[in-house]
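So the chains spell out like this:
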Amino acid sequence: QVQLVESGGGLVQAGGSLRLSCVASGRTISLYPMGWFRQAPGKEREFVGGFTWNGYNTNYADSVKGRFTMSRDNAKNTVYLQMNSLKPEDTAVYYCAVGPKWGTITIRTADYWGQGTQVTVSS
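Procedures and definitions
- Throughout, a residue's number is its position along its own chain's written sequence, starting from 1.
- Given that this is a predicted model, residues contribute local features only at a pLDDT of at least 70 and side-chain atom pairs are listed and counted only at 80 or more, while totals for whole chains, interfaces and linings are drawn from all residues.
- Computation of side-chain values covers all heavy atoms of the structure but excludes hydrogens and water.
- Numbering of helices and strands runs from the N terminus; a helix is a DSSP stretch of H or I covering at least four residues, while a strand is a stretch of E covering at least two.
- Only the C-alpha atoms count toward the radius of gyration. The rule for a globule is 2.2 Å times the residue count to the power 0.38.
- Buried, partly exposed and exposed residues are distinguished by accessible area as a fraction of the type maximum, computed with a 1.4 Å probe on protein chains only: under 20%, between the cut-offs, and over 50%, respectively.
- Note that a disulfide, as used here, is simply two cysteine sulfur atoms within 2.5 Å.
- Being paired, for any two strands, means DSSP has found at least two bridges between them.
- Orientation is described by axes fitted as lines to C-alpha atoms, over the contacting stretch for helices, and by angles from 0 to 180 degrees between their N-to-C directions.
- Pairs of residues are marked as contacts when any of their non-hydrogen atoms sit within 4.5 Å.
- The definition of a polar contact used here is a pair of N or O atoms within 3.5 Å, where within protein one atom must be able to donate a hydrogen and the other to accept one, and adjacent residues in sequence count solely through side-chain atom pairs.

Participant: Please provide a residue-by-residue account of the overall build of the protein chain, values included.
Facilitator: Scanning the protein chain from N- to C-terminus turns up zero helices and 11 strands. Mapped from its N terminus to its C terminus, the protein chain presents α and β elements in the order β-β-β-β-β-β-β-β-β-β-β. Taking 14 Å as the expected radius of gyration for a compact globule of 123 residues, we find that the protein chain reaches 13 Å, a close match to that expectation. Principal axes of the C-alpha set define a box for the protein chain whose edges measure 40 × 25 × 25 Å. When each of the 123 residues of the protein chain is scored for burial, the buried share is 46%.

And the structure:
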């Protein structure tokens, strides 16, 4: 069984930064795509960014391009989301997820999800 545990969320002022972490157990992430998603109150879950399985290719939602950066530490089986220049509209619960082996990750293809970590950005 795969378990994903996110951490690093919190309350931050607009313009500030946070780094989210997602530690995976039960699976070596180097062979699987990983991604970050978020869900704000009353809204549907949306894609934030993701890696292909080999980590070489990344894709970001237009809303976070230039501000958010994903990284991966295979030795620690951990992925990160560095969030800079945070805006109030970034407020949401952030989730990491694992997709199918060799593939890419989307909401539809995600196989496992973490419990989420709350990010709140004050104006």
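Participant: Just give me the short version of the state of the cysteines, but keep the residues and values in it.
Facilitator: Evaluation of the coordinates by the stated rule reveals one disulfide. In this model, Cys 22 is linked to Cys 96 through a disulfide, with the two sulfur atoms separated by 1.9 Å. Its torsion about the S-S bond being 55°, the disulfide of Cys 22 and Cys 96 is classed as right-handed. In this pair, Cys 22 sits in strand β3 (residues 18–25) while Cys 96 sits in strand β9 (residues 92–98), placing the two residues 74 residues apart along the sequence. A single burial state applies to Cys 22 and to Cys 96, both of which are buried.

Participant: Run through the sheet that holds strand β1 (residues 3–7), naming residues and quoting values.
Facilitator: Spatially, four strands are ordered β1-β3-β8-β7 in an open sheet, and the strand pairing comes out antiparallel. The open sheet is flanked by β1 and β7 (68–73), the only strands paired with a single partner. Between one strand and the next, the sheet's axes are offset by a mean angle of 15°, whatever the strand orientation.

Participant: So, the pairing of β7: which residues are in play, and what are the values?
Facilitator: Alternating positions in β7 separate cleanly, Phe 68, Met 70 and Arg 72 being buried on one face and Thr 69, Ser 71 and Asp 73 remaining unburied on the opposite face. Pairing of β7 with strand β8 (residues 78–83), which is carried by six bridges, proceeds in the antiparallel orientation. Opposite Arg 72, over in β8, you have Val 79 as the bridge partner. Linking β7 back to β8 in an antiparallel pair, the connection comprises four residues, with Asn 77 at a positive phi of about 55°.

Participant: Explain the environment of Arg 72 to me, using residue names and the numbers behind them.
Facilitator: Here Arg 72 shows up in strand β7. With 24 residues separating them in the primary sequence, Arg 72 and Val 48 have C-alpha atoms 15 Å apart. The residues contacting Arg 72, other than those within four sequence positions of it, are Ile 29, Ser 30, Tyr 32, Pro 33, Met 34, Phe 51, Thr 52, Trp 53, Gly 55, Thr 78 and Val 79. Within polar-contact distance, the side chain of Arg 72 engages the backbone oxygen of Thr 52 at 3.3 Å.

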